[in-house]
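Here is what each chain is made of, one letter per residue.
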Amino acid sequence: MEERDLADGLAAIRWSEESLRASLRDLPQAVADGRLCTLFVLVVQVIAPAPGAATDGTLLQVRVLIDALTPPLTGSGVSWPFSG
């Protein structure tokens, strides 16, 4: 559930190196060790040398992957993060 909270928070922000780093700070250990956090650490590494990657479509496949890894909450009407 804590990974879900991280995913929801990341879905609500504009991706940039700074915003992702801030979101990944001070996470509970279980979340920090999880696959979603590991993926976002790699995303930060991609964005760092090329800030335009956050908005130019470069990360579209990552967003699709995250959408696949994070199924919608049953009955919530919420589809995360970029499938709407």
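The structure reproduced in this document is the subject of the present report. Every chain begins its residue count from 1, and numbering advances along the sequence as written. Thresholds applied to this predicted model are a pLDDT of at least 70 for local features of residues and 80 or more for the giving and counting of side-chain atom pairs; totals over whole chains, interfaces and linings are not thresholded and use all residues. As a convention, hydrogens and water are excluded, and side-chain values are obtained from all of the structure's heavy atoms.

**As for the overall build of the chain**
Numbering of helices and strands starts at the N terminus; helices are DSSP runs of H or I of at least 4 residues and strands are runs of E of at least 2. A tally of helices and strands in the chain yields 5 helices and 0 strands. When the helices and strands of the chain are read in sequence order from the N terminus, they spell out α-α-α-α-α. Residue contacts follow a heavy-atom distance rule, with two residues in contact if any of their heavy atoms lie within 4.5 Å. For the chain, long-range pairs separated by at least 24 residues make up 55% of all intrachain contacts whose partners lie at least 6 apart in sequence. Counting every atom, the chain has about 5100 Å² of accessible surface; 57% of that belongs to carbon and sulfur. Using a 1.4 Å probe, the Shrake-Rupley method yields the accessible areas, and only the shown protein chains count as cover for residues.

**A look at the environment of S19**
Structurally, S19 can be placed in helix α2 (residues 17-24). For the pair S19 and V44, spaced 25 residues apart in sequence, the C-alpha to C-alpha distance is 9.5 Å. Beyond its immediate sequence surroundings of up to four residues, S19 is in contact with I13 and R14. A distance of 2.9 Å separates a polar atom in the side chain of S19 from the backbone nitrogen of S16. Residues adjacent in sequence count toward polar contacts only when both atoms are side-chain atoms; beyond that, a polar contact is any pair of N or O atoms within 3.5 Å, and within protein one must be able to donate a hydrogen and the other to accept it.

**A closer look at the pattern of salt bridges**
What makes a salt bridge here is a side-chain nitrogen of Lys or Arg within 4 Å of a carboxyl oxygen of Asp or Glu, nothing more. As enumerated under the stated definition, the model contains 2 salt bridges in all. Among the ionic pairs, R4 bridges to D8, the shortest N-O distance being 3.7 Å. Placement of the pair is R4 and D8 together in helix α1 (residues 2-11), with a separation of 4 residues, close to one helical turn. Accessibility here uses a 1.4 Å probe with only protein chains present; expressed as a share of the type maximum, an area under 20% marks a residue as buried, one over 50% as exposed, and anything in between as partly exposed. Residue D8 is classed as partly exposed on the basis of its relative accessible area, which comes to 29%. Here E17 and R21 are joined by a salt bridge, their closest N and O atoms 3.1 Å apart. Remark: R21 and E17 occur in helix α2; sequence separation between them is 4 residues, near one turn of the helix. On the accessibility criterion, R21 (42% relative accessible area) is partly exposed.

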